[in-house]
Amino acid sequence: MGLFIFFWAVAAISFLLVCCFFNRIRLVIAILKAAADFVKDVCSALLVPPVMFTFQIMLYVSWLITLVYLYSTGEQKRPQEGWPFASIEVDQRLEGQLAYHLFGLLWINAFIIALGQFILASSAGIWYFMRQQMNSPVRTSVFRALRYHMGSLAFGSLILAIVQFIRITFEYIKKKSYAMGVPENAVTKFIFKCMKCCLACFERFIKFINTQAYIQVALTGKSFCSSAIAAFYLIFRNTVVFGMTHGLSIIFVFVGKLFITVIPTIAGFLVITQVEDISKRISSPISLCICFAFISYAIGSLFMQVWGMASETILQAYLVDIEVNANVATNLSLIHISEPTRLLSISYAVFCLK
């Protein structure tokens, strides 16, 4: 009986919340629909994540090759008995070089991610504000990024790389501390875990602010610091809408990846096991089903990454549009947010000039 009352109370509270935030829920749904329309209208945006991923693979390969050559510059020690390979002694000089090399990896990797986020955000912004006049928004966004906003992207990625480097340095210090005789008791474990948790939370915060700042850079053409401040205050003024949009986006991204992964995998399994010509040639469908699942998950992640970035950009574009053109744009989202706005601020001529 008590459990029954509890669930009825939860249902009543949920119903009241839906009634109180009905218009905001409609706004969030309209934004998510608009993001889907963007992916449908600008199919070339789906090429951005795989291209950025290719750049990352090239970065990792070149970094590993350089790491091997750099590590081999250390002083060699004679191999131990029964072991054919010599070992390398890492002195202070080599340690500093390896740290510098690692920081370069973090910075360049963060820059590639920032570049992809900016291109998607700029494409979604062009689609939102200049839908009728847009001409190859992805190509225009690439030009804008490389011509006008390399500094902002590099600075934002530098901040993230510093935070990530601090986290790695902390793990190194913890390992060294235990090796130097620091007691591994409950107190030290608790302190290290608290510090690790704080650094992880701070890194996630920096990633979130960077993403919102890149969207502001794409929408307004301002510098990174100005865009980060503007994004922070925009989120602060619209906390409920941002929270609901972000929460529903996470749910939709998870459900989308799940369906895109599971359905093709099940279909492939049925084809392999039920079609007689194919089932005779295959002894076990497990390996093929794993391949199906991996490929489907990669495609789902690609699509949902573009959709998620588009939804965040359209949300910011809509809120800025309301603040600039309050008399006209207020009810646009309730009709269909993907329709082009009637009035544009002069500041958004940045899409034509920058």
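Residues numbered from 1 in each chain as written. Predicted model: local features only at pLDDT ≥ 70, side-chain atom pairs only at ≥ 80, totals over all residues. Heavy atoms only, no water.

> Honestly, the overall build of the protein in this entry has me stumped. Any pointers?
Counting secondary structure elements, the protein contains 14 helices and 2 strands. Here the protein, with 354 residues, has 37% of them falling under the buried criterion. In the protein, once contacts between residues fewer than 6 apart in sequence are set aside, the share between residues at least 24 apart is 73%. (Helix = DSSP H or I, 4+ residues; strand = E, 2+ residues; numbered from the N terminus. Buried < 20%, exposed > 50% of the residue type's maximum accessible area, 1.4 Å probe, protein only. Contact = heavy atoms within 4.5 Å.)

> When you look at a nonpolar patch on the surface in this model, what are you seeing that I'm missing?
Residues Ile251, Phe254, Val255, Leu258, Phe259, Val262, Ile263, Ile266, Phe269 and Leu270 make up a contiguous nonpolar surface patch of about 910 Å² in total accessible area. Relative to the elements of secondary structure, isoleucine 263 occurs in helix H9 (residues 239-274). (Patch = residues over 30% accessible without salt bridge, like charges linked within 9 Å, V, L, I, M, F, W, Y side chains within 5 Å. Areas by Shrake-Rupley, 256 points an atom, 1.4 Å probe, with all protein chains shown as cover. Salt bridge = Lys/Arg side-chain N within 4 Å of Asp/Glu carboxyl O.)

> Any chance you could explain the nonpolar core here in plain terms?
Where a protein is soluble and globular, its nonpolar side chains tend to be buried together. Ranked by size, the top nonpolar core spans 57 residues in total, and within it Phe38, Ala45, Trp127, Tyr128, Leu153, Trp307 and Ile314 carry the most contacts. Elements represented by at least two residues in this core include exactly helix H2 (22-41), helix H3 (48-71), helix H4 (92-129), helix H5 (137-148), helix H7 (186-220), helix H8 (224-237), H9 and helix H11 (286-324). A total of 13 residues in this core trace back to one element, the largest contributor, which is H4. Dropping the residues within four chain positions of it, alanine 45 is found in contact with Phe38, Leu120, Val138 and Val306. (Core = buried A, V, L, I, M, F, W, Y, C linked by side-chain atoms within 4.5 Å.)

> So what exactly am I meant to see when it comes to the environment of threonine 261 here?
Structurally, the position occupied by threonine 261 is in helix H9. For threonine 261, a relative accessible area of 15% gives the class buried. Linking threonine 261 and tyrosine 297, residues 36 residues apart in sequence, is a C-alpha distance of 4.9 Å. In contact with threonine 261, not counting residues within four places along its chain, are Ala293, Ser296 and Tyr297. Engagement of the side chain of threonine 261 in a polar contact is seen with the backbone oxygen of lysine 257, the distance being 2.7 Å. (Polar contact = N/O pair within 3.5 Å; in protein donor to acceptor, adjacent residues only side chain to side chain.)

> Before we go on, may I ask you to explain the side chain of threonine 313 in this structure?
Assignment of secondary structure puts threonine 313 in helix H11. For threonine 313, the residues in contact, after removing those within four places along its chain, are Ala121, Ala124, Gly125, Ile215 and Leu219.

> How should I be thinking about the packing of H4 against H7 in this particular structure?
Geometry of a packed helix pair, given as the angle between the helix axes and the separation of the axes. Where H4 contacts H7, the axes come no closer than 8 Å and their chain directions differ by 45°. Judged on the interaxial angle alone, H7 and H4 are oblique. The element H4 and its partner H7 pack so that their crossing is right-handed. Here Ala114, Gln117, Phe118, Ala121, Ser122, Gly125 and Phe129 of H4 come into contact with H7, specifically with Thr211, Tyr214, Ile215, Val217, Ala218 and Leu219. Class assignment for the residues of the contact of H4 with H7 results in 9 nonpolar, 4 polar and no charged. (Axes fitted to C-alpha atoms, helices over the stretch in contact; angles between N-to-C directions. Parallel < 35°, antiparallel > 145°, perpendicular 65-115°, else oblique. Left-handed = near helix turned anticlockwise from the far one by under 90°. Nonpolar A, V, L, I, M, F, W, Y, C, P; charged D, E, K, R; others polar.)

> Looking at this structure, how should I read the packing of aromatic side chains?
Centre-to-centre distance and the angle between the planes together describe a pair of aromatic rings. Across all of its chains, the model carries 10 aromatic pairs by this definition. Geometrically, the ring pair formed by phenylalanine 252 and tryptophan 307 is tilted, given 6.1 Å between the ring centres and 50° between the ring planes. Residue phenylalanine 252 is located in helix H9, and its partner tryptophan 307 is located in helix H11; the two are separated by 55 residues in the primary sequence. Among the aromatic residues, those joined into a ring-pair cluster are Phe103, Trp107 and Phe165. Between arginine 147 and the ring centre of tyrosine 148, over which it is positioned, the NZ or CZ distance is 4.8 Å. (Phe/Tyr/Trp six-rings, centres within 6.5 Å; stacked < 30°, edge-to-face > 60°. Lys NZ or Arg CZ within 6 Å of the ring centre and 35° of its normal.)

> Could you clarify how one ought to interpret the environment of isoleucine 286 in this entry?
Inspection of the secondary structure puts isoleucine 286 in helix H11. The sequence separation of isoleucine 286 and phenylalanine 269 amounts to 17 residues, and the corresponding C-alpha distance is 8.4 Å.

> What exactly am I supposed to notice about the environment of isoleucine 113 here?
Assignment of secondary structure puts isoleucine 113 in helix H4. The partly exposed category is assigned to isoleucine 113, whose relative accessible area is 38%. A C-alpha to C-alpha distance of 8.4 Å links isoleucine 113 and serine 157, two positions 44 residues apart in sequence.

> How should I be thinking about H5 in this particular structure?
Counting along an α-helix, one turn takes 3.6 residues, and residues three or four places apart therefore face a common direction. Here H5 contains 12 residues, and its C-alpha end-to-end distance of 16 Å stays within 8% of the 16 Å for a straight helix at 1.5 Å per residue. Listed in full, the buried residues belonging to H5 are Pro137, Val138, Ser141, Arg144 and Ala145. On an axial view of H5, the arc spanned by its buried residues comes to 120°, and they lie on one face. Facing away from the buried surface of H5 by more than 90 degrees, the exposed residues are Arg139, Phe143, Leu146 and Arg147. (Expected span 1.5 Å × (residues − 1). Arc of directions from axis to C-beta.)

> Would you mind showing me how to read the state of the cysteines here?
Working definition: the covalent bond between the sulfur atoms of two cysteines is a disulfide. As enumerated under the stated definition, the model contains 0 disulfides in all. Residue cysteine 198 stays outside any disulfide, its sulfur separated by 5.8 Å from that of cysteine 197, the closest cysteine. With a relative accessible area of 54%, cysteine 198 lands in the exposed category. (Disulfide = S-S within 2.5 Å.)

> It is not clear to me how the confidence of the model for the protein should be interpreted in this structure. Could you clarify?
Fine structural detail should not be taken from predicted coordinates in areas where pLDDT scores are low. Of all residues in the protein, 82% attain a pLDDT of 70 or more, and the chain-wide mean is 80. Across the protein, the element-wise mean pLDDT spans from 36 in helix H13 (residues 332-336) up to 92 in H3. Note on residues 327-354: pLDDT is under 50 here. Beyond four places in sequence and across chains, it has 62 contacts. (pLDDT = per-residue confidence, 0-100.)

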